[in-house]
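# Notes for the structure review
Now for the letters of each chain:
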Amino acid sequence: MKRVLASMLAFGLVAGPIAATIGAAPAEAQRRSDQGEARKEMRAGNILTSREIENRVLPSMRGAEYLGFDYDRTAMAYRLKFIRDGRVLYVDVDARTGRILRRSR
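These numbers come from a predicted model, not from an experiment. (Residues numbered from 1 in each chain as written. Predicted model: local features only at pLDDT ≥ 70, side-chain atom pairs only at ≥ 80, totals over all residues. Heavy atoms only, no water.)

Moving on to the overall build of the chain. For the chain, the helix and strand inventory stands at 2 helices and 4 strands. When the helices and strands of the chain are listed from N to C terminus, the series reads α-α-β-β-β-β. Burial status across the chain gives 25% buried among its 105 residues. Considering only residue pairs separated by 6 or more positions, the chain has 35% of its internal contacts joining residues 24 or more positions apart. As displayed, the chain offers around 7,600 Å² of accessible surface, 56% of which is attributable to carbon and sulfur atoms. (Helix = DSSP H or I, 4+ residues; strand = E, 2+ residues; numbered from the N terminus. Buried < 20%, exposed > 50% of the residue type's maximum accessible area, 1.4 Å probe, protein only. Contact = heavy atoms within 4.5 Å. Areas by Shrake-Rupley, 256 points an atom, 1.4 Å probe, with all protein chains shown as cover.)

Here is the structure:
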């Protein structure tokens, strides 16, 4: 009985991290796919570059620390992430026009 329990525990220690990695793979693959799509769209001139979006939005976020951005290819929008006074803030921007779509408060 002790051997069975020890075997199950050992299997869990090995299989647990592998299963966690497999579960995260689709999200990471989606993120890479969105980044590749953003590059393709930028080269084609269909969307603004991330630098252009940042140049438009960052000046309006005084007092907030800029943490980075994500691109959503379905919405064709950038989501810029900031932190101010311990709160995370998001600014969603239309990638084609640079127009701010939404700001979290």
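So, on to the pairing of strand β4 (residues 100-103). Inspection of the sheet shows strand β3 (residues 87-94) paired to β4 by 3 bridges, in the antiparallel sense. Note on β4: the bridge partner recorded for D92 is R102. In sequence, β3 turns back onto β4 through a hairpin of 5 residues, with G98 there showing a positive phi of about 85°. (Pairing = 2+ DSSP bridges.)

Let us now look at the pairing of β3. Taken residue by residue, a regular strand's side chains alternate between the two faces of the sheet. In this structure, strand β2 (residues 77-84) lies alongside β3, joined through 8 bridges in antiparallel fashion. Following the sheet pairing, F82 is matched in β3 by L89.

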